[in-house]
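Reading the structure
If you want the building blocks of each chain, they are given just below.
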Amino acid sequence: MTSAIQTRNSSELAPAVLADVADDLKAARSENTRRAYRQGFRIWSDWAQAAGVDPIPATPESVAGFISNQARAGRKPATLNQRLCAISSAHKLAGVPDPTQNELVRETLKGIRRKYGVKQDRKKALDNMDLIKVLAHIDRDTLKGKRDAALLLLGFSAALRRSEIAALDVADIELRSGKGLVVTLAKSKTDQEGEGAEKAIPLGRGDSCPVRAYMQWIHAAGIESGQAFRSVTKGGAVGKAISGAAIAQLIKRLTKQAGLEGNYSGHSLRVGFVTSAAAADKSTAKIMEQTGHKTPAMISLYTRSNDAWEDNAAGGLL
């Protein structure tokens, strides 16, 4: 017996099916990744058009030429990797051969890494001592000051990325009397399937207590539902949800205001937590429990520069 699907005109099903597929594809990657892929593919398309080649389907030769050109323009290998991922994703979705998997492209990228190096521009860690200095320069009598202090302290204590701070909903943050807060992340970079992760935030001391700072901000702002951290106007009115980009700019501004020097960013709170916890002899397992990392590799990467002077092999030899 012929099924209803087989007898139905496929064009009648296409719009509904494509809409479902598009929705599922959108959920497959984070918004930050989708944005990076869109930008990467647009840059590739512009280059391809100027070079007189097809952006899709592309040849391995044209893609190799693209990354070689980008490297000479100063783009780092990590950036080239991201743009290759964008090109690869577009080809896979279109159902055409992926040129980025060709040996020519792989060897070209390998040569670029050897020639230009792979060192990344790592953001400076905002550790616990420098965080306290930043807090001392915030006017916490103002609504904006209460928000800034709460955002920094909670972001640091929960080892959150800027996107995770921006996405926090008050429903995700539960007060446990006498203990602290429990922050539940519905999804994160290390948990793309959305299994969820709970992070315990213990009570702190005095003005550096993340629990007290968060509760003061929420009560002062009158936030009962929705996004936990929001913009505050010059007149002191609570606005819309704050973005990840705005959080990065906020951290840059506050560290500069406190007289700290260095390349701080939205990632500085998370890296600062790791380096501070390691310096306080917290176990790697416990640090990973808070950060959500699946392996110790990134923890070691974050703490390596701090450990370089500790019991250095060259010490005392000369």
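Here, the structure is the one placed above.
Report follows, based on the coordinates. Keep in mind that this is a model prediction, so the values were computed, not measured. (Residues numbered from 1 in each chain as written. Predicted model: local features only at pLDDT ≥ 70, side-chain atom pairs only at ≥ 80, totals over all residues. Heavy atoms only, no water.)

What to know about the pairing of strand 2 (residues 180–185)
In terms of burial, strand 2 is a largely internal element, 5 of the 6 residues being buried. Two strands pair when backbone bridges link them, and strand 1 (residues 173–176) and strand 2 are joined in this way by 4 bridges, in the antiparallel orientation. What sits directly across from Leu 175, in strand 2, is Leu 181. Between the antiparallel neighbours strand 1 and strand 2 lie 3 residues, among them Gly 178 with a positive phi of about 80°. (Buried < 20%, exposed > 50% of the residue type's maximum accessible area, 1.4 Å probe, protein only. Helix = DSSP H or I, 4+ residues; strand = E, 2+ residues; numbered from the N terminus. Pairing = 2+ DSSP bridges.)

Here we look at the nonpolar core
Membership of the largest hydrophobic core comes to 49 residues, with the highest contact counts inside it found for Leu 152, Leu 154, Leu 168, Tyr 214, Trp 217 and Phe 229. Mapped by element, the contributors of at least two residues to this core are helix 7 (128–136), helix 8 (143–157), helix 9 (162–167), strand 2, helix 10 (210–221), helix 11 (244–257) and helix 12 (268–279). Top contributing element to this core by residue count: helix 8, with 8 residues. Apart from residues no more than four positions distant in its own chain, Leu 168 is found in contact with Leu 154, Leu 160, Ile 173, Val 183, Leu 185, Gly 226, Gln 227, Ala 228 and Phe 229. (Core = buried A, V, L, I, M, F, W, Y, C linked by side-chain atoms within 4.5 Å. Contact = heavy atoms within 4.5 Å.)

With respect to the packing of helix 8 against helix 12
Running from amino to carboxyl end, helix 8 crosses helix 12 at an angle of 55°, the nearest separation of the two axes being 8 Å. Of the possible angle classes, the one that applies to helix 8 and helix 12 is oblique. Between helix 8 and helix 12 lies a crossing whose hand is right-handed. Note on element contacts: helix 12 touches helix 8 through Leu 269, Gly 272, Phe 273 and Ser 276, opposite Leu 151, Leu 152, Gly 155, Phe 156 and Ser 157. Taken together, the residues that form the contact of helix 8 with helix 12 break down as 5 nonpolar, 4 polar and no charged. (Axes fitted to C-alpha atoms, helices over the stretch in contact; angles between N-to-C directions. Parallel < 35°, antiparallel > 145°, perpendicular 65-115°, else oblique. Left-handed = near helix turned anticlockwise from the far one by under 90°. Nonpolar A, V, L, I, M, F, W, Y, C, P; charged D, E, K, R; others polar.)

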